[in-house]
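These are the residues of each chain, in order.
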Amino acid sequence: MTSEKHLLAMGSRQCVGQTERRSQSDTAVNVTSRKISTPDILKPLHQEDPRCSTSPVVKSKTLPSSPTPNTLFSGGLRHGSLMSINSTCTEMGNFDNAKVTGEIEFAIGYCFKTHSLEISIKTCKNLAYGEEKKKKCNPYVKTYLLPDRSSQGKRKTGVQKNTMDPTFEETLKYQVDPIQLVTRQLQVSVWHLGTLTRRVFLGEVIVPLATWDFEDNATRSFRWYPLRAKAEKYEDGVPQNNGELAVRAKLILPAEPRKLQELQEGTGDQLALDGQLCLVVLGAKNLPVRSDGTLNSFVKGCLTLPNQQRLRLKSPVLKKQACPQWKHSFVFSGVTKSQLRQSSLELTVWDQAIFGMNDRLLGGARLSSKEGAVGDMDSCSQSKLQWQKVLSSPNLWTDMTLILH
């Protein structure tokens, strides 16, 4: 049993030609907002310090603990998408695909006493050449408990040299609670290791564990499984579901009597009024947890304005929780309704790494009035509806459940 020691590299935090501001919970702080305390997001806008800069600023705050509403994850629109943050690979480095042939023999067992899932990899036969021109095949087997594709969730056998009918006789183990098994799928894939660490995909098997009878001795027997081509990342154009994020959003506009009267008389320009976009990140569920069923999770928010200025915020880390409840507020100040109609808000959920390794992206969602680059038009239209509802209902909270991809 071996484990990967690499994680997907996080994207660059800086973009040439773009201006970034970070909250006090991040590394950079907007100088103009240092002397202004974080406001109560429920207070009217006109109660803030009038000396505050007109440039957009961001503020982050954890709300007091309160009972979680029963409708925390109900009633939301469920088709948001964010292709740019769903670039999870199953293998680091360069890899190719061979014509998939052959079969693999393995057995699955679970020890309820030790909470150990054991995958016994026995042999393969009739594999394709990893390098057709050289007639070469150096196969090995790799496993994941989907949806966890992190390096901690990866197990693999040793490499067998120059054979299309390798014998492994190795057992790969996971420590996982029984309640977590029903949410997982076992992915068993075969790879060829070439020169210069080049890898070639030779086929895979996906076994849903929700219906697997671990108490039946017959299911512990070795079975032959035909290897299949890699499953499409998005079946039928629908991105993979990596959990749900519950949020509340509100656009706060000034409530000064003179401006309200102008708006009511039709002489005021509501789109030009500076306001606040308030977002409360309530919690998440059905996230791709670690093998022990927990996460050290946090949320990042990034509001991209029409001029490509990016306002970033980050929540605190909640440790050892599978269904985190942050109840943390993000406040983007000094933004207009007109700006927000041309802006996009990205929310990403992360698992904090240990020992100096990179944090693991669990999933994300985007709210925007723009048509995204996603091929699924339904996802784009639902994202627009969610965003437009927030902008068309100023000073009112909108509850949403966002699907993470």
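Remember, predicted model here, so these are calculated numbers, not experimental data.

Chemist: Lay out unusual backbone geometry with the relevant residues and their values.
Modeler: Phi at N162 takes a positive value of approximately 50 degrees, unusual for a residue other than glycine. Secondary-structure assignment places N162 in the loop between β7 (155-156) and β8 (167-175). For N286, which is not glycine, the phi dihedral falls at a positive 60 degrees. As for its placement among the helices and strands, N286 is situated in the loop between β13 (274-285) and β14 (297-304).

Chemist: Outline the environment of V390, supporting the account with residue identities and numerical values.
Modeler: Locating V390 in the fold gives a position in helix α4 (residues 377-392). Overall, the relative accessible area of 1% leaves V390 in the buried class.

Chemist: For the environment of L318, give the residues involved together with the corresponding values.
Modeler: Looking at the element boundaries, L318 is found in the loop between β15 (310-314) and β16 (328-336). For the pair L318 and D351, spaced 33 residues apart in sequence, the C-alpha to C-alpha distance is 9.5 Å. The contact partners of L318, leaving out residues within four places of it in the chain, are L295, N296, S297, P324, Q325 and W326.

Chemist: Residue-level account of the packing of aromatic side chains, with values.
Modeler: Within the structure shown, the criterion is met by four aromatic pairs. With a centroid separation of 4.3 Å and 10 degrees between ring planes, the pair formed by F106 and Y225 is classed as stacked. Within this pair, whereas F106 is found in strand β4 (residues 103-111), its partner Y225 is found in strand β11 (residues 223-226), the two being separated by 119 residues in sequence. Comparing F106 with Y225, the two get one shared label, buried. Aromatic pair W191 and F201: ring centres 5.4 Å apart, planes at 75 degrees, arrangement edge-to-face.

About the thresholds
- Residues numbered from 1 in each chain as written.
- Predicted model: local features only at pLDDT ≥ 70, side-chain atom pairs only at ≥ 80, totals over all residues.
- Heavy atoms only, no water.
- Helix = DSSP H or I, 4+ residues; strand = E, 2+ residues; numbered from the N terminus.
- Buried < 20%, exposed > 50% of the residue type's maximum accessible area, 1.4 Å probe, protein only.
- Contact = heavy atoms within 4.5 Å.
- Phe/Tyr/Trp six-rings, centres within 6.5 Å; stacked < 30°, edge-to-face > 60°.

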